[in-house]
Amino acid sequence: MSDSRLRLSRRRLVCIGAGGLLLPGCDRLNGSEGFRQVLEQAEVLHMRSQRLLGGNEALAREYSEREMSPVFRANGNTHVADREYRRHVTTGFAAWRLAVDGLVERPQLLPLAGLQALEQRNQITRHDCVEGWSAIGKWQGPRLSAVLDLAGLQPGARYIVFHCADRFGDTPYYESIDLIDAFHPQTILAWRMNGAPLPEAHGAPVRLRVERQLGYKHAKYITRIEARASLAGLYGGRGGYWQDKSGYHWYAGV
Amino acid sequence: MADQREETENGSAFVRRHRFSTRVWHWVNAATFIVMLMSGLMIFNAHPRLYWGQYGANHDAAWLEIAVTPRGEGVLNVADFTIRTTGVLGVSTDAEGTQQELAFPGWATIPSRYSLADARLWHLAFAWVLAVGLLVFLLWSLVSGHLQRDIHITRREWRVTNIWHDIKEHARLRFPRGEAALRYSTLQKLAYAAVLFLMLPLVIATGLAMSPGMDAAWPWLTQVLGGRQSARSIHFVVAFALLAFLIVHLAMVMLSGPLNGIRAMITGWYRLPPERENGT
């Protein structure tokens, strides 16, 4: 009898432990700045270990046309309200210019035709969303490295920042990558998707493809590319809209 | 297992049952598994649909889905079956009594309020503890002889008659006593071996295969597992297989003498259950 009473109370203890202590405990830890900083250390491990295992030049898998998703889901902003952007839509982006500035030797204002005149790369790759879904699509555009070479990076440049025309509330979207990913052969400024000009829902006229990272790194509606020495001073300082707003990892290779 | 033993005055024997390395890994792994499971359920909440193959999104057919019907009911759809799950899956009520549309309810997730970013922060940091912990434990257990001595299933134990006998003994809740209690039974060995060599490695491999960076570094891994969405499905199934192991494991601890078992896993010392006196 004493044994069964013991068992019961222990079972109750486990339940109270699980329901009463564990969850609020985890939520408290989740809100603790110190604990979050410990968890955030893993991001450096992710980046270093992946680049160690595969090398800086490892290519994302490319697929054949029959492996493509029948429908490629559009995500994030799928419509841009900005008046200047709407004017460009009506004129087929004829007067649109991509600014390349910051720590560069020769700032650029490139028309869409200028991007199309550069050597093109075609790739059928898998787009992996942070939420868990994937879609396979075909992309075409010049390598980002070709555009950066036109502008000529200054020696102090460490990050490439993408400023976008779409907004969440008052904040325009922005993302950033380091030079290893910026000069990766599959990192392109895509203006064609699945054999047609990039639709507005997917980031017309130009979006980034940075194939070894998750979807939120692939900035859409790019208007300006900025070379910077550091991410400090860029909005919240974490290098991207979702990083600053919700604490997503800047290195999104996982 | 039995390195040392002490006899107490009333004649019951205390035996050193678990090594320090086993005990440390057991508890670190237990806490890590709970964190991985609960943060994983929150990550699943961001897209509560599973697919087979390389790709899969809302326009593609899902083999498993937790959804909310237009009438506001929570449902679990698996293949062609639909199970109403309002209250738990799909639609649930949080601690403040507010109705939430979440695949897995707040009491099962880390954090308890929807945040994919925070769940990833936990999941991807503790993933290192899970993977490095398993690797170190397996290597150490190989060097120390724990695997060969305690987990290795002998040819005699693989016999159907022995396994059937073990199943019957478990079903009758007749656990080994005396010296026999110092050895894992065949079913125990099978369960522990499955966790150590199949489920944990597979849950880690499928987790890695979902990462686009790893897919570039080790493309063979995602291919072997049948594509990113297959890897995600397997990851989910194995996580629940591990949960099933945990539930059975806890039930066995409760039924076979929880105090003795838990003490042994904390201090290493296990009180040897005396032999039955009246035969069968």
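Placed above this text is the structure.
About the cut-offs
Residues numbered from 1 in each chain as written. Chains lettered and ligands numbered in written order. Predicted model: local features only at pLDDT ≥ 70, side-chain atom pairs only at ≥ 80, totals over all residues. Helix = DSSP H or I, 4+ residues; strand = E, 2+ residues; numbered from the N terminus. Buried ≥ 20, exposed ≤ 12 C-beta atoms within 10 Å, placed from the backbone. Contact = placed C-beta atoms within 7 Å. Axes fitted to C-alpha atoms, helices over the stretch in contact; angles between N-to-C directions. Parallel < 35°, antiparallel > 145°, perpendicular 65-115°, else oblique. Left-handed = near helix turned anticlockwise from the far one by under 90°. Nonpolar A, V, L, I, M, F, W, Y, C, P; charged D, E, K, R; others polar. Pairing = 2+ DSSP bridges. Core = buried A, V, L, I, M, F, W, Y, C linked by C-beta atoms within 7 Å. Expected span 1.5 Å × (residues − 1). Arc of directions from axis to C-beta.

What to know about the overall build of chain A
- Across its full length, chain A carries eight helices and eleven strands.
- Within chain A, buried positions represent 42% of all 254 residues.
- Within chain A, contacts between residues at least 6 apart in sequence are counted, and of these 67% link residues at least 24 apart.

Brief notes about the packing of helix H3 (residues 42–54) of chain A against helix H2 (residues 116–144) of chain B
- Where H3(A) contacts H2(B), the axes come no closer than 9 Å and their chain directions differ by 65 degrees. Considered as vectors, H3(A) and H2(B) are oriented roughly perpendicular to each other. Crossing angle aside, the handedness with which H3(A) passes H2(B) is left-handed. Along the contact surface, H3(A) presents A:Ala42, A:Leu45 and A:His46, while H2(B) presents B:Leu124, B:Ala125 and B:Trp128.
- Here the contact of H3(A) with H2(B) is built from residues that sort into five nonpolar, one polar and no charged.

With respect to the sheet that holds strand E3 (residues 120–128) of chain A
- Taken together, the four strands give an open sheet; going across it, the order is E3-E4-E8-E9 (chain A), and neighbouring strands pair in antiparallel fashion. In this open sheet, the two strands that pair with only one neighbour each are E3 and strand E9 (196–197) of chain A.

Quick look at the nonpolar core
- One finds A:Phe162, A:Cys164, A:Leu189, A:Ala190, A:Ile222 and B:Trp122 to be the most contacted residues of the largest nonpolar core, which totals 76 residues.
- A total of nine residues in this core trace back to one element, the largest contributor, which is H2(B).
- The residues touching A:Phe162, leaving out its near neighbours within four places in the chain, are A:Tyr174, A:Glu175, A:Ser176, A:Leu208, A:Ala219, A:Ile222 and A:Ile225.
- Counting residues in hydrophobic clusters, the runner-up holds 16 residues, among them A:Ala60, B:Ala217, B:Leu225 and B:Val238.

A closer look at the pairing of strand E6 (residues 81–84) of chain B
All names here are of chain B.
- Sheet topology places strand E5 (residues 74–78) next to E6; four bridges connect them, and they run antiparallel. Across the sheet, the residue bridging to Val 78 is Phe 81, located in E6.
- Linkage of E5 to E6, two consecutive antiparallel strands, is achieved through a turn of two residues, within which Ala 79 is found at a positive phi near 50 degrees.

Some remarks on the sheet that holds strand E11 (residues 222–228) of chain A
Residue and element names in this part refer to chain A.
- A sheet is described by the order of its strands in space; here five strands give the open sequence E2-E1-E11-E5-E6, paired in mixed fashion. One side of each edge strand has no neighbouring strand; the edge strands of this open sheet are strand E2 (108–111) and strand E6 (171–178). Within the sheet, the average angular offset between the axes of one strand and its neighbour, ignoring direction, is 20 degrees.
- In the sheet, strand E5 (residues 159–168) pairs with E6 via seven bridges, with the strands oriented antiparallel. Bridged to Phe 162 within E6 is Glu 175.

Focus on H3(A)
All names here are of chain A.
- Taking 1.5 Å per residue, 13 residues should reach 18 Å; H3 reaches 18 Å between its end C-alpha atoms and fits that length.
- Every buried residue of H3 is listed here: Ala 42, His 46, Met 47, Gln 50, Arg 51 and Gly 54. Burial along H3 is one-sided: seen end-on, the buried residues are contained in an arc of 160 degrees. In H3, the exposed positions angled more than 90 degrees off the buried face are occupied by Val 44, Arg 48 and Leu 52.

Comments concerning the interface of chain B and chain A
- Across the contact, 37 residues belong to chain B and 44 residues belong to chain A.
- Elements with a contribution of two residues or more to the side of chain B that touches chain A: H2, helix H7 (212–217) and helix H9 (228–255) of chain B.
- In terms of residue count, the dominant contributor to the side of chain B that touches chain A is H2(B) (nine residues).
- Along the lines of polarity and charge, the residues of the side of chain B that touches chain A split into 22 nonpolar, nine polar and six charged.

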